[in-house]
Amino acid sequence: KIIIIDFGSQYTQLIARRVRELNVYCEIHPFSKIPELDENIKGVILSGSPCSVRDEDSPRIDVDSIISKVPLLGVCYGAQLLAQIKGGNVQASTTREYGRAILTEKSEDNVIFKGIPVDSQVWMSHGDTITQLPGNAHIIASTDSVKVAAFKFDDANIFGIQFHPEVTHSEHGKLLLQNFLVDVCGCSQTWTSDSFVEMTVAELKEQLGDDKVVMGLSGGVDSSVAAMLIHKAIGKNLYCIFVDNGLLRKHEFEEVLESYKGLGLNVKGVNAKDKFYAALNGLTDPEAKRKAIGKTFIDVFDDEAHKIQDVKWLGQGTIYPDVIESVSVKGPSVTIKSHHNVGGLPDYMKLKVVEPLKLLFKDGVRDVGRAIHMPDNILQRHPFPGPGLGIRILGDITAEKVRILQEVDYYFIHGLKEYGLYDQVWQAGAMLLPVQSVGVMGDERTYESVVALRAVTSVDGMTADWAHLPYEFLGKVSNQIINNVKGVNRVVYDISSKPPATIEWE
Ligand code: XMP
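Residues numbered from 1 in each chain as written. Predicted model: local features only at pLDDT ≥ 70, side-chain atom pairs only at ≥ 80, totals over all residues.

Another point: the overall build of the chain. Helix and strand counts for the chain come out as 14 helices and 20 strands. For the chain, the spread of C-alpha atoms along the principal axes amounts to about 85 × 60 × 40 Å. Evaluated residue by residue, the chain yields a buried proportion of 39% over its 506 residues. Counted over contacts in the chain with a minimum sequence separation of 6, partners at least 24 positions apart contribute 74%. (Helix = DSSP H or I, 4+ residues; strand = E, 2+ residues; numbered from the N terminus. Buried ≥ 20, exposed ≤ 12 C-beta atoms within 10 Å, placed from the backbone. Contact = placed C-beta atoms within 7 Å.)

The amide bond that connects Lys 498 to the next residue, Pro 499, takes the cis arrangement and shows omega of -15°. Mapped onto the fold, Pro 499 is located in the segment after β20 (488-493). Following Pro 499, the chain continues to Pro 500 via a peptide bond in cis, the omega torsion being 10°. As for its position among the elements, Pro 500 is in the segment after β20. Its identity is not glycine, yet His 251 carries a phi of approximately 65°, on the positive side. One can find His 251 in the loop between β11 (238-244) and α7 (252-262).

On to the site of the ligand, then. Pro 385, Gly 386, Thr 502, Ile 503 and Glu 504 are the nearest of the 12 residues found near the ligand. A breakdown of the residues in the shell around the ligand according to their chemical character gives 4 nonpolar, 5 polar and 3 charged. (Near = placed C-beta within 6 Å. Nonpolar A, V, L, I, M, F, W, Y, C, P; charged D, E, K, R; others polar.)

Examined against the element boundaries, Asp 211 turns out to sit in the loop between α5 (193-208) and β10 (212-217). The class for Asp 211 is partly exposed, based on 14 C-beta atoms found within 10 Å. As for Asp 211 and Asp 409, which are separated by 198 residues in sequence, their C-alpha atoms are 41 Å apart.

Read from one edge to the other, the open sheet built from 5 strands follows the order β12-β11-β10-β13-β16, with strand pairing classed as parallel. This sheet does not close on itself; its edge strands, each paired only once, are β12 (267-271) and β16 (352-354). Adjacent strand axes in the sheet meet at a mean angle of 30°, parallel and antiparallel pairs treated alike. In this sheet, strand β13 (residues 311-315) lies alongside β10 in parallel orientation, the contact comprising 4 bridges. Bridging from a neighbouring strand, Lys 212 pairs with Val 311 of β13. Across the sheet, helix α6 (residues 221-234) touches β10, β11, β13 and β16, and the angle it forms with β10 is around 160°. (Pairing = 2+ DSSP bridges. Axes fitted to C-alpha atoms, helices over the stretch in contact; angles between N-to-C directions.)

Mapped onto the fold, Ile 28 is located in strand β2 (residues 26-30). For Ile 28, a count of 21 C-beta atoms within 10 Å puts it in the buried group. Once the C-alpha coordinates of Ile 28 and Leu 46 are considered, the two residues, 18 residues apart in sequence, prove to be 9.9 Å apart. Not counting residues within four places of it along the chain, the set of residues in contact with Ile 28 comprises Ile 4, Asp 6, Thr 12, Ala 16 and Ile 324.

Moving on, we get to the pairing of strand β18 (residues 444-458). Sheet analysis places strand β17 (residues 427-441) next to β18, joined by 12 bridges and oriented antiparallel. Note that in β18 the partner of Ser 437 across the bridge is Glu 448. Between β17 and the antiparallel strand that follows it, β18, lie 2 residues; Gly 442 among them carries a positive phi value of about 60°. Here β18 pairs with β20 via 5 bridges, running parallel. Bridging across to β20, Ala 452 finds its partner in Val 492. Of the pairings in the sheet, the one linking β18 to strand β19 (residues 464-466) comprises 3 bridges and is antiparallel in character. The residue bridging Thr 457 from the neighbouring strand is Asp 465, located in β19. Remark: 5 residues form the turn of the hairpin made by β18 and β19, two consecutive strands paired antiparallel; Gly 461 in that turn has positive phi of roughly 80°.

Functional significance is not addressed by these values, which are geometric in nature.
Pasting the structure below:
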């Protein structure tokens, strides 16, 4: 495997993704906690950083202890750090270079540039530049404004590159990484979803033995794929619980339960609608509603889990972005990101946690799901918030409002699928607004609710743009909703991006 040492760059996760796309397993570790470099580790990559190597308190590592053992590739800050520590010089650039640049020269014999043409585009993002290389290093590529775009140490497999091969705007960046991984480090590109499944199931068998595992399912991709892997390892000893909180989409509970059963999962559906509605009664503040829903979920789950004798483990669908330790480059402390999965079970349950997906990115989770033949209707599902329609009904929640919103949402989502638009948007849904407006139907004046439709494109939900859905489609769905859903006489479409808006309205 490959170790990526994180100095806090926004692109560190991208390096890991590219490496994995090349079927090589890698892990990200913060610069302050580098693991022992044993024989399994074939190479190390140093990430970029928001810091400057010229700052006194910039993050540093003991480079010699790495280069005495394995090949090393420094990217951006990583390259500058290498150059500086080994006796070169790094200065603030006179012209800061951000964005597109073109390779103007490369040394022909260099292995990491194998197959990469001069004239190809690379992506720069740096305020410092290497003005002098260490005596035993030489330039292997340049651009117009950056003489030292890449360098290598004369007699060692140590490379520095100033541009970012991990971003897609570096035309042949992936090839460069592949050259490093395969030709320099000697990695075999065998880390596939099939091998991941095989390895994980074997490990789970070993880890869990005859123990029982309880797991809350949500209908979402992560918890479903995690459950299937555990199921493959221990079969009926996995007890799944799927709670109907009364805030799911129309028919969602029945349909998802059916597909879980179809997959052979031992799953119990628990109808707890009334408990949730009771807990939500009269609440209007979004955070208060979230808390009430979260607490009720834990109560219901806890009750059910206690009905299972001798359960020892809690299964969770945690994925890699949730567990990567985010480095704080402004201080020595290292914190772990909190995530808002099912989580937060009371301590007294004393369950050990099993998280079979904690090494995967979202696209990796889908690949694994495909490798074990899970159906597309689970794998391609849009994300859906844990509190469900509870945060899409603005203000207080009643069973009747849920029913209205379920109908509206159904026409919207169904329409997206019918028009082949569902897979083009990242998430979609409807919001029931606490607003009444005047309308006219036939000869009658109406005074009914307004709903807002929201559909966004995004990669990870952190930023998002409103989806530019065809007018014809929006018009048709709007008509369907107003003609069929009693209590709604006006439909609007949300055209806000995130930021400054958020995806959900609450
Ligand atoms: P926002 O509204 O913050 O949403 O732009 C980003 C993503 O997070 C989801 N979301 C939640 N998911 N519990 C969840 O499990 C929540 O309380 C919650 N709030 C927002 C939202 O659906 C979107 O995918």
